[in-house]
Amino acid sequence: IRASIVNVKILNSRGEQVNTLQRGHKYTYQYTAEFTEDKKDINYGMLIKTINGTELGGSSTCNYLERSGINARAGEEYLVEFNFNCMINPGTYFINAVIIGIHYNALTYISRISDACIFQVLPISHNTSTGTIDFEIKSKISIYNQTISS
């Protein structure tokens, strides 16, 4: 093992660990990266998926196709945080956690946990959003070219 991902959690805006989220609220996805070997060009990432594995979206600390220039030393620990606004409709979801870096002169996964964290987005009343992601679409209905008299 070259690196480990530990202490994976989701925190609410008060810093409390949660696994039930509310759409429209802000959260922090957090994990600790522990290194047992020196590694170069480290990049951290996360990905939110549906329970059937459909990738919804995620982020990394730099472009995953480029070398980051960030190095880690054996024995060091890093706190990794991704802040996000939950715009997912009610349901159950998973988040992956990854560490990418140089190993044998190639950019590769140093450590990865698929489905590192499971969470549920709570049901909401008056939900007009359809599909998985709430794009905050606002609807408007008008009578086209018609005069209404009383």
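Parameters at a glance
- Residues numbered from 1 in each chain as written.
- Predicted model: local features only at pLDDT ≥ 70, side-chain atom pairs only at ≥ 80, totals over all residues.
- Heavy atoms only, no water.
- Phe/Tyr/Trp six-rings, centres within 6.5 Å; stacked < 30°, edge-to-face > 60°.
- Helix = DSSP H or I, 4+ residues; strand = E, 2+ residues; numbered from the N terminus.
- Buried < 20%, exposed > 50% of the residue type's maximum accessible area, 1.4 Å probe, protein only.
- Lys NZ or Arg CZ within 6 Å of the ring centre and 35° of its normal.

Undergrad: Lay out the packing of aromatic side chains in plain terms, naming residues and giving numbers.
TA: For the structure on display, the rule yields six aromatic pairs. Aromatic side chains Tyr-27 and Phe-84 sit 6.0 Å apart centroid to centroid with 35 degrees between the ring planes, which places their arrangement in the tilted category. In this pair, Tyr-27 sits in strand β4 (residues 26-35) while Phe-84 sits in strand β7 (residues 77-85), placing the two residues 57 residues apart along the sequence. Phe-84 matches Tyr-27 in its accessibility class, with the two residues each being buried. When the centroid spacing of 5.6 Å and the interplanar angle of 90 degrees are considered together, the rings of Phe-35 and Tyr-78 count as edge-to-face. Here the residue Phe-35 occupies a position in strand β4, and Tyr-78 occupies one in strand β7, the gap between them amounting to 43 residues. A relative accessible area of 25% means that Tyr-78 is categorised as partly exposed. Across the ring face of Tyr-109, the terminal group of Arg-112 is positioned such that the distance to the ring centre comes to 4.1 Å.

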